[in-house]
Amino acid sequence: MTETVLTGTVVPGDRRGRELGFPTANVELHDSEATLPPDGVYEGWLEDMGGIRRLAAVSIGGRPTYYGAHGARLLEAYVLDFSGDLYGQRVRVGVRSVVRGQERFSSSEQLIAQMHRDVEAVRRVASARA
Ligand SMILES: Cc1cc2nc3c(=O)[nH]c(=O)nc-3n(C[C@H](O)[C@H](O)[C@H](O)COP(=O)(O)O)c2cc1C
């Protein structure tokens, strides 16, 4: 298994994630963008400042549903089974198996439905590895 580990600070996003029911930690990377894996949705983990590591669905890309082909590339992590606040924290993110590529959906509802499937895929991949 290849695993890319990145370090960054959690910064406020557009807050849309909360509206969608999938709040994400938007991670401003300390590493150069060259280390960022290709755009896609990945099974991964996020480790908070206290060293607690949790399973995450990691999205890398320009959010084509909202910004077309020209959105700034960013790394966002939806941390599973977690409702805390990570803003301002220096975190580490592990990017592991790719689940799918980034897609442009024609509505937020379609993206939400896909994110539910992504979370199930992430759980399946993680439990198959354990
Ligand atoms: C598991 C996951 C999969 C995602 N897949 C896509 C995608 O295929 N296309 C897309 O445009 N955005 C995708 N996103 C990004 C969402 O558009 C983004 O999280 C949402 O717009 C909230 O942005 P914000 O954190 O800046 O508010 C994904 C996010 C997550 C967590």
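Right above here is the structure, for reference.
Everything numeric in this text was worked out from a predicted model, so none of it was measured. Residue positions within a chain follow its written sequence, with the count starting from 1. Whole-chain, interface and lining totals are the exception, using all residues; otherwise, since this is a predicted model, local features are given only for residues with pLDDT of at least 70 and side-chain atom pairs are given and counted only at 80 or more. Only heavy atoms go into the side-chain values, all of them from the structure, while hydrogens and water stay out.

Draft legend 1. Broad picture of the pattern of salt bridges. A pairing counts as a salt bridge when a side-chain nitrogen of Lys or Arg comes within 4 Å of a carboxyl oxygen of Asp or Glu. Taken as a whole and assessed by the stated rule, the structure comprises 13 salt bridges. A salt bridge links Arg-96 to Glu-43; its shortest N-O distance comes to 2.9 Å. On the criterion of sequence distance, the pair formed by Arg-96 in strand S6 (residues 90-100) and Glu-43 in strand S3 (residues 40-47) is long-range, its members being 53 residues apart. On the basis of relative accessibility, which here comes to 19%, the residue Arg-96 falls in the buried class. A helix here means a DSSP run of H or I that spans at least four residues, while a strand means a run of E at least two residues long, and both kinds are numbered starting from the N terminus. Each residue is assigned to one of three classes by its accessible area relative to the maximum for its type, calculated with a 1.4 Å probe on protein chains only: buried under 20%, partly exposed between the two thresholds, exposed over 50%.

Draft legend 2. Region of the structure containing the sheet that holds strand S1 (residues 4-11). Pairing between two strands is assigned when DSSP locates at least 2 bridges connecting them. Taken in spatial order, the six strands close into a barrel running S1-S2-S5-S4-S3-S6, and their pairing is antiparallel. If you compare each strand with its neighbour and ignore which way they point, the axes differ by 45° on average. Across eight bridges, S3 lies against strand S4 (residues 53-61) in antiparallel orientation. In the strand pairing of S4, Leu-46 is matched with Arg-54. It only takes one pair of heavy atoms within 4.5 Å for two residues to be counted as in contact. Between N-to-C directions, angles span 0 to 180 degrees; the directions come from axes that are lines fitted to C-alpha atoms, helices contributing only their stretch in contact. Across the sheet, helix H3 (residues 108-129) is in contact with S3, S4, strand S5 (74-79) and S6; its angle to S6 comes to roughly 95°.

Draft legend 3. Here's a closer look at the site of the ligand. By convention in this text, a residue qualifies as near a molecule or strand provided that one of its non-hydrogen atoms is within 4 Å of it. Taken together, 24 residues surround the ligand, and among them Arg-16, Arg-63, Thr-65, Glu-76 and Glu-103 come closest. Between N or O atoms, a polar contact is any pair within 3.5 Å; within protein, one atom must be a potential hydrogen donor and the other a potential acceptor, and residues adjacent in sequence are included only when both atoms are from side chains. Here Arg-16 contributes a side-chain N or O atom positioned 2.6 Å from an oxygen atom of the ligand. Protein chains shield 99% of the accessible area of the ligand, which is 620 Å² for the free molecule. Of the pockets mapped on this structure, the ligand occupies the largest pocket. Of all the secondary-structure elements, those providing two or more residues to the shell around the ligand are helix H1 (16-20), S4, helix H2 (64-67), S5 and H3. Under this grouping Gly is polar, as are all residues other than the nonpolar Ala, Val, Leu, Ile, Met, Phe, Trp, Tyr, Cys and Pro and the charged Asp, Glu, Lys and Arg. Grouping the constituent residues of the shell around the ligand by class yields nine nonpolar, seven polar and eight charged. Note that accessible areas follow from Shrake-Rupley with a 1.4 Å probe, and for residues the cover is restricted to the protein chains shown. Site definitions follow a grid-based scheme: protein atoms alone, a 1 Å grid, a 1.4 Å probe that fits but cannot get out for cavities, and for pockets an open set with protein on both sides within 12 Å along at least five of seven lines, plus lining residues having an atom within 4 Å of a point. Molecule-in-pocket calls rest on the fraction of atoms, with more than half required to lie within 2 Å of the cavity or pocket grid points.

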